[in-house]
Amino acid sequence: MVAVAIFVGFVSLLRGKGLLCIPSAGVTWLKGHRELHDPSEIPASHTDVLLLLTQRKTSLTQHSFVTLKTGKVTRILAEHVRWLNSLRPRPRFLFPARKRRWKSGRPSWVPSRDTAMSLASLLFLIRRALTIACGLSKLQASRFTVHSLRVGGINYYRLLGVPLEMRSQLADHIALSSSLRYLRMEPQQQINVLSSIVGRT
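Residues numbered from 1 in each chain as written. Predicted model: local features only at pLDDT ≥ 70, side-chain atom pairs only at ≥ 80, totals over all residues. Heavy atoms only, no water.

Looking at the nonpolar core
The line we're drawing: By nonpolar core we mean a set of buried residues, namely Ala, Val, Leu, Ile, Met, Phe, Trp, Tyr and Cys, connected to one another through side-chain atoms within 4.5 Å. Burial classes: relative accessible area under 20% of the type maximum marks a residue as buried, over 50% as exposed, and values in between as partly exposed (1.4 Å probe, protein chains only). In DSSP terms, a helix is any run of H or I states spanning at least four residues, a strand is any run of E spanning at least two, and both are numbered starting from the N terminus.
Within the largest apolar cluster, 39 residues are counted, with the highest numbers of intra-cluster contacts made by L51 and L77. Broken down by secondary-structure element, the contributors of at least two residues to this core are helix 1 (2–12), helix 2 (16–20), strand 1 (27–31), strand 3 (48–53), strand 4 (64–68), helix 3 (71–86), helix 4 (119–133) and helix 6 (147–159).

Given below as structure tokens:
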């Protein structure tokens, strides 16, 4: 589940609360102009995804949609939705909270039916994944926040050449100045920029 949240949060540029409020029934699959109602019909590529947001920071009472258009995210999200559909009862949220149950004297984690995962739980799982899967130290992982997905996604789109105005719209920023505050440069990029400036002086 944490891998799906990382993928979706990074590509959709969603804030943490917006990501966690997505209902499990709020995923719409589109193939061209045709809506796919069964996740088993989803092809490996060329599928658009609409995610229903029940609230955003700039609109707490109105529903809105964000669009995903990438093969890897589509496939991993489809597997996640199939898993949710297999559960009885089906969780209300795309990223449900976890409840601990005991079976044969051993604890196990099961998805909650009515409660979404909290930001604190998502952050704990992401930091744990960074230490286990990526080899980061606990100190390095502690510098990561849920908002880091949004910052990283915006800079990824910048590297792809997406214009500032489009990045601002995708990120649901009211002003372009908000998007400018998200810009980050890799150390090597900073060195290249400074070297070019020194070379011209």
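Structural notes on the pattern of salt bridges
Rules: Any carboxyl oxygen of Asp or Glu that lies within 4 Å of a side-chain nitrogen of Lys or Arg is treated as forming a salt bridge with it.
Following the criterion strictly, the structure yields one salt bridge and no others. Here R82 makes a salt bridge to E79, at a shortest N to O gap of 2.6 Å. With R82 and E79 both in helix 3 and three residues apart, this pair spans about one turn of that helix. For R82, a relative accessible area of 27% corresponds to the partly exposed category.

Brief notes about the pairing of strand 6 (residues 106–116)
Note the following rule: When DSSP locates at least two bridges between a pair of strands, those strands are taken to pair.
Two strands pair when backbone bridges link them, and strand 5 (residues 96–103) and strand 6 are joined in this way by seven bridges, in the antiparallel orientation. Its bridge partner being in strand 6, P96 is matched across the sheet by A116. Between the end of strand 5 and the start of strand 6, which pair antiparallel, lie two residues, with S104 showing a positive phi angle near 55°.

What about unusual backbone geometry?
Along the chain, R88 connects to P89 via a cis peptide bond; the corresponding omega equals 0°. Within the secondary structure, P89 is located in the loop between helix 3 and strand 5. Residues other than glycine seldom take positive phi values, yet L13 does so here, at roughly 60°. One can find L13 in the loop between helix 1 and helix 2. Under the relative-accessibility criterion, L13 is labelled buried at 1%.

What about the side chain of H80?
For clarity, the threshold we go by: Working rule for contacts: check all heavy atoms of both residues, and any pair within 4.5 Å makes them a contact.
By the secondary structure assignment, H80 is in helix 3. We classify H80 as buried; its relative accessible area is 5%. In this structure, H80 is in contact with M1, V4, L94 and F95, ignoring residues within four places of it in sequence.

Considerations on the confidence of the model for the protein
Basically, it comes down to this: Every residue is assigned a pLDDT by the predictor, reflecting its confidence on a scale from 0 to 100.
Averaged over all residues, the pLDDT of the protein is 78; the fraction at 70 or higher stands at 72%. Considering each helix and strand of the protein separately, the mean pLDDT is smallest for helix 9 (residues 187–199), with a value of 58, and largest for helix 4, with 92.

Quick word on the packing of helix 1 against helix 6
Counted only if it meets this: The angle between two axes is taken between their N-to-C directions and runs from 0 to 180 degrees, where each axis is a line fitted to C-alpha atoms and a helix contributes only its stretch in contact. To sort the angles, those under 35 degrees are grouped as roughly parallel, those over 145 as roughly antiparallel, those from 65 to 115 as roughly perpendicular, and the leftovers as oblique. By the definition used in this description, the sense in which the near helix is turned from the far one sets the handedness, with an anticlockwise turn below a right angle giving left-handed and a clockwise turn giving right-handed.
Two elements in contact, helix 1 and helix 6, have axes whose closest approach is 7 Å; the angle formed by their N-to-C orientations is 50°. With respect to helix 6, the axis of helix 1 lies oblique. For the pair helix 1 and helix 6, the crossing hand works out as right-handed. Contact residues: helix 1 offers A5, I6, G9, F10 and V11, while helix 6 offers L149, G152, G153, Y156 and Y157.

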